[in-house]
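Inside the fold
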Amino acid sequence: MPGSEWGTAAEQRFNVNLSILFTELPLLERPAAAAAAGFTAVELWWPWIDSPTPEHSELDALRKAVQDAGVRLTGLNLYAGRLPGPDRGALSVPGEESERFRANIDVAADFARSLGCTALNALYGNRIDGVDPARQDALALENLVLAARAADRIGAILLIEALNQPESPHYPLVSAPAAVRVVDQVNEASGLGNARFLMDLYHLSMNGEDLPQVIAEYADRTGHVQIADNPGRGAPGTGSLPLEDLLGRLRKHGYDGWVGLEYKPGDRPSAEAFDWLPAEARAAR
């Protein structure tokens, strides 16, 4: 709803995903751009798609960019392969990709801890032709338990996300119940209880799920929420999803965590893609 003001926006805590917004800028300039747009919190996919273990100098430069901008990193994806691209995670992919995921766990956790980030997102990975799904699921559980332990070490939660079938046809977690089942398995196997559901309302809507029902059933298991409108994965108001109502339902069901803005800016600079959100509602309270 460009130009309008969400009446309940002041009750939300929004952050900007710097891997889909402000991508017209170099990575190290994006935290400051988010701050200039009025936001005080950001999240990231793993920025080094070719390297689960980048040089210390690269980690230090990004850390400094976040700190200098005066924003907080509130969420970070673990290594997920080529994303954006054909991959949807690495942790269930046998061989080199699984090894790369494991090599990344402590690197990502330590980077997150250095910036006060308390949520790590672990994308499950695509099904691989010729590999028994049961083998992939066993490997996934093993790796997710390792990730849960690393998250626990830094006082963080581990997020497990459902994607959508049309855009991720080889990804096995394409419904809220499927993702929550994995959350439960990880919590049982680790004994830590720090795995949570990442509820992305765009992905769930693309799957045709009953969003009010999903919210009612899983709000208490949800560690993070992400939004984009549908169709188009644009800013709120560019599609037909009742996002203000859905976020209100989440609050009523007890969710008071972050809402990640993970949408495409369209054919305009990212700084102009927030006109739906009053300036005073952008800074986290």
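The paragraphs below set out a description of the structure included in this document. (Residues numbered from 1 in each chain as written. Predicted model: local features only at pLDDT ≥ 70, side-chain atom pairs only at ≥ 80, totals over all residues. Heavy atoms only, no water.)

Before going further, it helps to examine the overall build of the chain. When its secondary structure is counted, the chain shows 8 helices and 8 strands. By principal-axis analysis of the C-alpha atoms, the chain measures approximately 50 × 45 × 35 Å. Looking at the chain as a whole, 54% of its 285 residues qualify as buried. Accessible area of the chain: about 11500 Å², with a carbon and sulfur share of 50%. Averaged over its 25 positive side-chain charges, the chain has a centre that lies 3 Å from the centre of its 39 negative ones. (Helix = DSSP H or I, 4+ residues; strand = E, 2+ residues; numbered from the N terminus. Buried < 20%, exposed > 50% of the residue type's maximum accessible area, 1.4 Å probe, protein only. Areas by Shrake-Rupley, 256 points an atom, 1.4 Å probe, with all protein chains shown as cover. Lys, Arg positive; Asp, Glu negative; His and termini not counted. Charge placed at Lys NZ, Arg CZ, Asp CG, Glu CD.)

Looking now at the packing of aromatic side chains. Applying the stated rule across the entire model yields 8 aromatic pairs. Plain terms: the ring middles of Phe197 and Tyr218 are 6.3 Å apart, the flat faces sit at 70° to each other, and that makes the pair edge-to-face. Here Phe197, found in strand S6 (residues 195–200), pairs with Tyr218, found in helix H7 (residues 211–218); they are 21 residues apart in sequence, far enough to count as distant. Look at Phe197 and you get buried, because its relative accessible area is 0%. Geometrically, the ring pair formed by Tyr263 and Trp276 is edge-to-face, given 6.4 Å between the ring centres and 65° between the ring planes. Linking Tyr263 in the segment after strand S8 (258–261) with Trp276 in the segment after S8, this pair joins segments that are 13 residues apart in sequence. Given the relative accessible area of 0%, Tyr263 is considered buried. Exposure remark for Trp276: the relative accessible area of 0% places this residue in the buried category. (Phe/Tyr/Trp six-rings, centres within 6.5 Å; stacked < 30°, edge-to-face > 60°.)

Reading around the barrel, the 8 strands line up as S1-S2-S3-S4-S5-S6-S7-S8 and close back on themselves, with parallel pairing between neighbours. Taken over all neighbouring pairs, the strand axes of this sheet differ in orientation by 30° on average, direction set aside. Each of strand S5 (157–161) and S6 is contacted by helix H5 (residues 176–190), which is oriented at about 165° to S6, the strand it contacts most. (Pairing = 2+ DSSP bridges. Axes fitted to C-alpha atoms, helices over the stretch in contact; angles between N-to-C directions. Contact = heavy atoms within 4.5 Å.)

Positionally, Val107 belongs in helix H3 (residues 96–114). Distance in space between the C-alpha atoms of Val107 and Ala150 is 9.8 Å, their sequence separation being 43 residues. For Val107, the contacting residues outside a window of four places in its chain are Trp46, Pro52, Thr53, Pro54 and Leu59.

Applying the stated criterion across every chain yields a total of 14 salt bridges. The shortest N-O distance in the salt bridge between Asp68 and Lys64 comes to 2.6 Å. Residue Asp68 and its partner Lys64 are located together in helix H2 (residues 56–69), separated by 4 residues, close to a single helical turn. Here Asp68 and Lys64 have matching classes, each one exposed. Where Arg100 meets Glu96, a salt bridge forms, and the shortest distance between an N and an O atom there is 3.8 Å. Of the two residues, Arg100 and Glu96 are both situated in helix H3; the distance of 4 residues between them amounts to about one turn of the helix. Accessibility expressed as a relative area gives 54% for Glu96, which makes it exposed. (Salt bridge = Lys/Arg side-chain N within 4 Å of Asp/Glu carboxyl O.)

Right, let's talk about the nonpolar core for a bit. By size, the foremost hydrophobic cluster in this structure holds 91 residues, and its most contacted members are Leu76, Leu158, Phe197, Met199 and Leu261. For this core, the element with the highest residue contribution is H5, accounting for 7 residues. Leave out the neighbours within four places in its chain, and Leu158 touches Leu78, Leu120, Ala122, Leu144, Ala147, Ala148, Ala151, Val186, Asn194, Ala195 and Arg196. (Core = buried A, V, L, I, M, F, W, Y, C linked by side-chain atoms within 4.5 Å.)

Attention now moves to H2. Its 14 residues give H2 an end-to-end C-alpha distance of 20 Å, which sits within 8% of 20 Å, the value for a rise of 1.5 Å per residue. Along H2, the positions that sit buried rather than exposed are Leu59, Leu62, Arg63, Ala65, Val66 and Ala69. Seen from one end, H2 has its buried residues packed into an arc of 155°, which puts them on one side. Opposite the packed face of H2, turned more than 90 degrees from it, sit the exposed residues His56, Ser57, Lys64 and Asp68. Each element contacted by the buried residues of H2 is listed here: helix H1 (30–36), strand S2 (41–44), strand S3 (72–77) and H3. Of the residues one or two after H2, Gly70 is the one with positive phi, at around 75°. (Expected span 1.5 Å × (residues − 1). Arc of directions from axis to C-beta.)

Of note, Asn15 is situated in strand S1 (residues 13–17). A residue is classified by how much of its surface remains accessible, and Asn15, at 0% relative accessible area, is buried. Once residues within four sequence positions are removed from consideration, Asn15 is found in contact with Ala41, Val42, Glu43, Thr74, His224, Trp258, Val259, Gly260 and Leu261.

With 5 of 6 residues buried, S6 is to be regarded as a mostly interior element. Two elements, S5 and S6, share 4 bridges in a ladder whose sense is parallel. The residue bridging Ile160 from the neighbouring strand is Phe197, located in S6. Once you follow S5 into H5 and on to S6, the crossover reads as right-handed. The pairing of S6 with strand S7 (residues 222–227) spans 4 bridges and is classified as parallel. From the neighbouring strand, Met199 faces S7, where its bridge partner is Val225. (Right-handed = clockwise from strand over helix to strand, strands pointing away.)

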